[in-house]
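Here is what each chain is made of, one letter per residue.
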Amino acid sequence: MNDAAKQLIRDAMAKASASQTASAYAPSNIALSKYWGKRDRARNLPLNSSLSISLAEWGSHTQVVPSKDGRDRVTLGGEDLSLDTPFAAKALKFADLFRGEDGSAKTPLWIETSNTIPTAAGLASSASGFAALTQALCGAFGLSDHLSEAQMSLIARLGSGSATRSLWHGFVRWDKGTQEDGSDSFAQPLNLQWPEFRIAILPVDVGPKSHSSRDGMNHTVATSPLFASWPDQAEADCQAIETAVRAQDFDTLGALAEANALAMHATMQAARPALSYLTTESWALLDQLWQARKEGLQAYATMDAGANVKLIFLGRSTDDITHLFPQAQVIEPFKTL
Ligand code: ADP
Ligand code: DP6
């Protein structure tokens with residue numbers, strides 16, 4: 001079976017010039033309607049569409065440099081990684097999409113990256129990491145003028161599904177697509193501004209998690225009896241969330257996003273053996289939020305494959321949020337960057 005992303009790279013490569021240094025920044029993103037479950041693991045093709053909000057200056061800076069000493073090199077946050085670490089191996093395998101997978105005549109590369117978010121802590125470093133790497137590789141191999149952002153989103157998907165949504169700021173929707181080769185499974189920005197929209201990260205555990213999102217997702221799909229109900233519900237949630245975002249109907253959006261996240265975590269808890277990224281501290285924060293909401297606070301929570309809790313709210317609630325949750329790190333996704 002041909003792969004649409006690989007074909008795009010091959011076609012663009014035929015027109016491209018020699019390799020050069022290129023750098024890129026991509027924001028991380030938080031899904032308001034989650035991607036959870038794949039119909040094709042090799043291509044990261046999802047069972048349902050998803051919709052996210054990008055995290056402005058929280059993301060990944062990546063530079064790709066043709067290596068001078070003929071050897072590959074991967075640097076994360078200023079530290080050289082051993083090439084057999086999973087991080088370096090995944091990044092180089094992704095780079096092979098651009099420089100030939102057969103091992104012959106590979107262009108040696110130095111991939112230098114740093115995250116302004118904690119790595120592998122459920123704050124979507126894989127999303128910004130592979131989106132920035134895609135853009136930097138396209139720049140380095142002279143493909144940027146030959147590929148649209150949507151096509152780069154399709155390529156980024158091969159690194160990590162959530163990376164499809166990190167090519168843009170603001171709200172982004174990834175359509176699951178139906179084609180076997182993945183040619184219609186990429187993201188597009190909603191192209192709307194909602195300046196009052198806010199996100200707060202409530203850090204619970206910013207160290208690396210014990211199970212990657214990828215493993216957690218595959219384990220849940222394979223063993224959770226609750227997973228059967230997820231794809232249809234998630235598709236309906238995604239549609240309803242898009243409608244609420246377009247109408248700027250904050251309470252409808254917040255309630256749907258929170259319910260969608262909790263349903264995803266319910267599928268994991270029913271997995272065999274059970275998988276729980278949320279800790280007692282995460283649940284205590286949710287209890288605190290739900291109590292405050294009863295007293296009138298307009299804020300909702302969402303959680304990914306990690307213990308950290310993220311809140312969504314509008315600018316007018318910022319003082320209430322930072323009073324209730326002094327640890328909150330507030331992000332303004334539409335502030336001019
Ligand atoms: P997270 O919740 O942070 O996305 P995951 O376990 O899903 O955690 O993904 C972490 C993985 O994403 C890392 O092990 C690495 O393979 C990849 N990754 C993270 N940051 C970058 C980056 N800046 N460049 C390339 N890959 C990255
Ligand atoms: C819970 O995109 O990290 O954050 O495609 O296997 O790399 P892979 O998975 P990944 O999973 C993200 C899962 C999530 C939900 C989401 O971001 O939509």
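Above: the structure in question.
Let us look at the structure shown here. Bear in mind the structure is a predicted one, so any value in this text is a computation, not a measurement.

## A word on the pattern of salt bridges
Within this structure, the stated rule accounts for 13 salt bridges. A salt bridge links arginine 73 to aspartate 80; the nearest nitrogen and oxygen atoms lie 3.0 Å apart. Judged by its relative accessible area of 36%, arginine 73 falls in the partly exposed class. Residue aspartate 80 is classed as partly exposed on the basis of its relative accessible area of 47%. In this structure, aspartate 304 and lysine 310 form a salt bridge, with 2.9 Å as the shortest nitrogen-oxygen distance. An identical accessibility class is assigned to aspartate 304 and lysine 310; each is buried. Three or more residues joined by partner-sharing salt bridges are found here, namely Arg173, Asp175, Glu242 and Arg246.

## Topic: the pairing of strand β7 (residues 109-115)
Of the two faces of β7, only the one carrying Leu109, Ile111, Thr113 and Asn115 is buried; Trp110, Glu112 and Ser114 on the other face are not. Across 7 bridges, strand β4 (residues 50-66) lies against β7 in antiparallel orientation. Bridge pairing in β7 links threonine 62 to threonine 113. Note that strand β5 (residues 73-76) and β7 share 4 bridges and pair parallel. Bridge pairing links leucine 76 to threonine 113 in β7.

Rules used throughout
- Residues numbered from 1 in each chain as written.
- Chains lettered and ligands numbered in written order.
- Predicted model: local features only at pLDDT ≥ 70, side-chain atom pairs only at ≥ 80, totals over all residues.
- Heavy atoms only, no water.
- Salt bridge = Lys/Arg side-chain N within 4 Å of Asp/Glu carboxyl O.
- Buried < 20%, exposed > 50% of the residue type's maximum accessible area, 1.4 Å probe, protein only.
- Helix = DSSP H or I, 4+ residues; strand = E, 2+ residues; numbered from the N terminus.
- Pairing = 2+ DSSP bridges.

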